[in-house]
Amino acid sequence: MKNAPSTSDKQPLLDARGRLLRSFWSTDAERSYARESVSRLRGREWELYQLLGEDCVFRLLYGRVGPLGVCRASFTDLRTGRYCISGPLRFFPGDRFTVDFTADEPHHILCEDKDFFLSLDYDGRFHRLRCYCGEFDVELMLPDQSETLYTASPFEKMHRFFYAGRQVFSELRGCVRFREKEYSLESAFAFYESGRGAFHMECRRVLGCACQIREGHSLALLFGWGFGYAGSGLENALFLDGEVLKLNRLRESRKGDFLRESRIFSEDGAVELRFTPWRDELFARDIRLLYFRSHCTVGKLSGTIDVGGYGTINIENVPILCEHSRFRF
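Per chain, residues are indexed from 1 in the order of the written sequence. Side-chain atom pairs in this predicted model are given and counted only at pLDDT of 80 or more, local residue features only at pLDDT of at least 70, and totals for whole chains, interfaces and linings cover all residues. Processing note: side-chain calculations cover all non-hydrogen atoms of the structure and skip hydrogens and water entirely.

A. How the structure looks around unusual backbone geometry. Even without being a glycine, F92 presents a positive backbone phi close to 45 degrees. Here F92 is to be found in the loop between β8 (89-91) and β9 (107-113). Working definition: with a 1.4 Å probe on protein chains only, accessible area under 20% of the residue-type maximum means buried, over 50% means exposed, and in between means partly exposed. Among the residues examined, F92 registers a relative accessible area of 66% and is labelled exposed. The helix and strand labels rest on DSSP assignments: H or I over at least four residues marks a helix, E over at least two residues marks a strand, and numbering proceeds from the N terminus.

Below you can see the structure in the form of structure tokens.
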């Protein structure tokens, strides 16, 4: 397990005026994020955790979206449809909800609000998450693994950028309960995104993660587009037993709503996948002229990916989490 370089060993991500110095993708963080050079109005900073098991979904979002501080957790029983969402939202929260670290740096986050509790810790080796309210209790320990991708991308407009570290966890330890029922983590996986950026007021985004362990081999797929310049497909990668295989730009074709089957493909023909969703949850928040809408979908992914020297990889019924977000904030 490799140790993350110290902040002093990294080059800065931004210049003194808040402009991205270089776009890149890497399995290492490479750059050091300094939030003081980012506009407080346009700045976005978040920590996102998602868990998908055979019969449950857990999602957690913590951070700041301009003037809004957010700490929201949701839990869904996929067999019964029972659902719960909890956590505070605060306008102009002062110093609360800030995330002023780079994803690979040790950090601690604590949020308590009425009957809601959240603790996030990373010590350089393990991500530890504890979140509970009156309905659910989630405790996870996620060992640091090699399925990691960092990307940085500019927007067309100066002083706009997107930087994120993403990690897929196929080995989970912990305990998950919802309304007195305990859920198995045997075939579950978790996804983590640590995002930073300065965005336009209106944006759309797609973010997906699929993962499966079969016959002792692990496969994970990360894909996304919408934040920053997406022409080079920086956010797209396939991991085979921990080794990263970079993919080019991806697109999605769908007819109808988010419960309809869609096609995910690359223009060069290397990726040809079918996404068959079987549950979609809409998170929506409207405040006068401002809004946030996100379709969070779970399902199965099947098809083929041609990765050059590795030949054609067959993907069959791999569990997937996918989000389609649109916001004006």
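B. Representation of the pattern of salt bridges in the model. The term salt bridge refers to a side-chain nitrogen of Lys or Arg lying within 4 Å of a carboxyl oxygen of Asp or Glu. Considering all chains together, one arrives at 24 salt bridges under this definition. Of the charged contacts, one joins R19 and D15 as a salt bridge, the two residues approaching to 2.9 Å between their closest N and O atoms. Residue R19 is classed as partly exposed on the basis of its relative accessible area of 26%. Salt-bridge contacts for D55 lead to R79; the nearest nitrogen and oxygen are separated by 3.8 Å. Here R79 lies in the loop between β6 (68-77) and β7 (83-86) and D55 lies in the loop between β4 (43-52) and β5 (56-65), a separation of 24 residues in the sequence. Looking at R79, the relative accessible area reads 58%, which means it is exposed. Here the salt bridges share partners, and the residues they tie into one network are R166, E193, R205 and E235.

C. Highlighting the packing of aromatic side chains. Two rings from Phe, Tyr or Trp (for Trp, the six-membered ring) form a pair when their centres are within 6.5 Å of each other. A pair whose planes differ by under 30 degrees is stacked, one over 60 is edge-to-face, and the rest are tilted. A complete count under the given rule lists 20 aromatic pairs for this structure. Taking the centre distance of 6.3 Å and the plane angle of 65 degrees together, the rings of W46 and F227 count as edge-to-face. Taken together, the residues W46 in strand β4 and F227 in the loop between β19 (217-225) and β20 (237-240) connect sequence positions 181 residues apart. For the pair shown, W46 and F227 are each scored as buried. Measuring from ring centre to ring centre gives 4.9 Å for F75 and F178, while their planes differ by 35 degrees; the resulting arrangement is tilted. You can see F75 sitting in strand β6 and its partner F178 sitting in strand β15 (residues 173-178), a full 103 residues away along the chain. An identical accessibility class is assigned to F75 and F178; each is buried. Ring pairing ties together the aromatic residues W46, F155, F162, F199, F227, F292 and F327, which thus form one cluster.

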